[in-house]
Amino acid sequence: MSPTPTGSAELRRFADAMRLRAVRMVAPHGFGYLGQVLSSAEAVATLYRTCYRPDTDQIVCSPGHYIIAAFAAAAETGQLDEALLSTYGHEDSALEAIGTERSPAVDLTCGSLGTGLSGAVGFALSNRLRGDDEARVYVIVSDGELEEGQLWEAALFAGHHRLDRLVVVLDANDSQVDGPVSSITTIEPMAAKWESFGWDAYDVDGHDVDALSEALASALETDRPSVVIARTSTTQGLDVLPDDADGHFIKLPASLAHEAVAELEARSA
């Protein structure tokens, strides 16, 4: 199954549909990893609609708590039973709040941050050794993971071996559990770091679907591994959130969840 040719309006609609699904997934709990979908929605929507072929490619969700975005996107594209979304985060559900080895809709997700790129490099190298010149490997990564040494070891290996069918989508939302990433460890200049490791890097507004589409299209044409650095916000697309909302783990009481659903439904009407 190949992605359907998609215009900007459809990509924005897809992103908001992901946000709406995510709100409904976390609402029963009153809190959850909603900010990760609010920030990555346009990037993941563009990836799923313009590039990712689930019957051909492999997809890795490196930060386990971002699995909610993969679930939302997979349901939107018919790869995941929509009815399952109501079980998200509940005991014994296959849709756990932090991804595990049994999580559906992805080929790999990691509870330990910083390890997903290593698995993706393994997929890409395996594909090459098997002579599979069709499959691509896409990796969803967070900027907080750039503080992990293992990620850079994997990046160094991928650059050395010119694993050109490997593409990282990096959600740079400057958010992690301890506070803004920029206040914990300096990771800039991000693009220059990746380029020094032998990667092509595209640094774009992560809520601009046209810029994302152009960057991903370029990533498919290069002879090196690529990273699309998507600069984002953990409260994007949901105006009803309070100004002091903790984007890493958003509190969503029933009244606020109702307002969030109403805002997103009105925008998609």
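Up top you'll find the structure we're talking about.
The structure reproduced in this document is the subject of the present report.

What counts, and at which threshold
- Residues numbered from 1 in each chain as written.
- Predicted model: local features only at pLDDT ≥ 70, side-chain atom pairs only at ≥ 80, totals over all residues.
- Heavy atoms only, no water.
- Core = buried A, V, L, I, M, F, W, Y, C linked by side-chain atoms within 4.5 Å.
- Buried < 20%, exposed > 50% of the residue type's maximum accessible area, 1.4 Å probe, protein only.
- Helix = DSSP H or I, 4+ residues; strand = E, 2+ residues; numbered from the N terminus.
- Contact = heavy atoms within 4.5 Å.
- Axes fitted to C-alpha atoms, helices over the stretch in contact; angles between N-to-C directions.
- Parallel < 35°, antiparallel > 145°, perpendicular 65-115°, else oblique.
- Left-handed = near helix turned anticlockwise from the far one by under 90°.
- Nonpolar A, V, L, I, M, F, W, Y, C, P; charged D, E, K, R; others polar.
- Pairing = 2+ DSSP bridges.
- Polar contact = N/O pair within 3.5 Å; in protein donor to acceptor, adjacent residues only side chain to side chain.
- Phe/Tyr/Trp six-rings, centres within 6.5 Å; stacked < 30°, edge-to-face > 60°.

### Concerning the nonpolar core
Here comes step 1: Met 18, Leu 34, Leu 47 and Tyr 48 are the most contacted members of the largest nonpolar core, which totals 58 residues.
Here comes step 2: At nine residues, helix α3 (residues 67–76) tops the list of elements feeding residues into this core.
Here comes step 3: In this structure, Leu 47 is in contact with Tyr 52, Ile 59, Tyr 138, Val 169 and Leu 216, ignoring residues within four places of it in sequence.
Here comes step 4: Listed in part, the 28 residues of the second largest apolar core include Ala 124, Leu 151, Leu 170 and Trp 199.

### Overview of the packing of helix α4 (residues 116–129) against helix α5 (residues 149–160)
Here comes step 1: Taken N-terminus to C-terminus, the directions of α4 and α5 make an angle of 20°; their axes are 8 Å apart at the nearest point. Put simply, α4 runs roughly parallel to α5. At the point where α4 passes α5, the crossing takes the left-handed sense. Mapping the contact onto sequence places Leu 117, Ser 118, Val 121 and Leu 125 in α4 and Gln 150, Leu 151, Ala 154, Ala 155, Phe 157 and Ala 158 in α5.
Here comes step 2: Considered class by class, the residues forming the contact of α4 with α5 number eight nonpolar, two polar and no charged.

### Concerning the pairing of strand β5 (residues 166–172)
Here comes step 1: A large share of β5 lies buried, amounting to seven of its seven residues.
Here comes step 2: The alternating pattern of β5 places Leu 166, Val 168, Leu 170 and Ala 172 on one face and Val 167, Val 169 and Asp 171 on the opposite face, and all of these are buried.
Here comes step 3: Two strands pair when backbone bridges link them, and strand β4 (residues 137–142) and β5 are joined in this way by six bridges, in the parallel orientation. Bridge pairing in β5 places Ser 142 opposite Asp 171.

### Describing the pairing of strand β7 (residues 226–231)
Here comes step 1: In terms of residue burial, β7 counts as a mostly covered element, since five of its six residues are buried.
Here comes step 2: Of the strand pairs in this sheet, β5 and β7 are connected by six bridges, and their pairing is parallel. Bridging from a neighbouring strand, Val 169 pairs with Val 228 of β7.
Here comes step 3: The sheet contact formed by strand β6 (residues 200–205) and β7 spans six bridges and is parallel. What sits directly across from Val 204, in β7, is Ala 230.

### Regarding the side chain of Asn 127
Here comes step 1: Looking at the element boundaries, Asn 127 is found in helix α4.
Here comes step 2: Of note is the side chain of Asn 127, whose polar atom sits 2.6 Å from the side chain of Arg 130.
Here comes step 3: Among residues more than four places away in sequence, those in contact with Asn 127 are Gln 58, Asp 132, Ala 135 and Val 137.

### Topic: the packing of aromatic side chains
Here comes step 1: If you walk through the whole model with that rule in mind, you get eight aromatic pairs.
Here comes step 2: Relative to Phe 249, the ring of Phe 31 has its centre 5.4 Å away and its plane inclined at 35°; by these criteria the two rings are tilted. Of the two residues, Phe 31 is situated in strand β1 (residues 31–32) and Phe 249 in the loop between β7 and β8 (250–251); the sequence distance between them amounts to 218 residues.
Here comes step 3: Given the relative accessible area of 28%, Phe 249 is considered partly exposed.
Here comes step 4: Consider the rings of Trp 152 and Trp 194, whose centres lie 5.1 Å apart with planes at 50°: the pair is tilted.

### Observations concerning the packing of helix α1 (residues 8–26) against α3
Here comes step 1: Where α1 meets α3, the axes come as close as 9 Å, and the angle between the chain directions of the two elements is 120°. The angle between α1 and α3 places the two elements in the oblique class. Two packed elements cross with a definite hand, and for α1 against α3 that hand is right-handed. Facing Arg 13, Phe 14, Ala 17, Met 18, Arg 21, Ala 22, Met 25 and Val 26 of α1, the residues of α3 in contact are Ile 68, Ala 69, Phe 71, Ala 72, Ala 73, Ala 75 and Glu 76.

### What about the environment of Glu 263?
Here comes step 1: Within the element layout of this structure, Glu 263 appears in helix α9 (residues 254–268).
Here comes step 2: Sequence separation of Glu 263 and His 207 is 56 residues, and the distance between their C-alpha atoms is 18 Å.
Here comes step 3: Separated by 3.1 Å, the side chain of Glu 263 and the backbone nitrogen of Val 240 make a polar contact.

### Some words on the environment of Val 23
Here comes step 1: Note that Val 23 resides in helix α1.
Here comes step 2: Along the sequence, Val 23 and Asp 164 sit 141 residues apart, while their C-alpha atoms lie 36 Å from each other.
Here comes step 3: When sequence neighbours within four positions are dropped, the list of residues in contact with Val 23 reads Leu 34, Leu 238, Leu 252, Ala 257, Ala 260, Val 261 and Leu 264.

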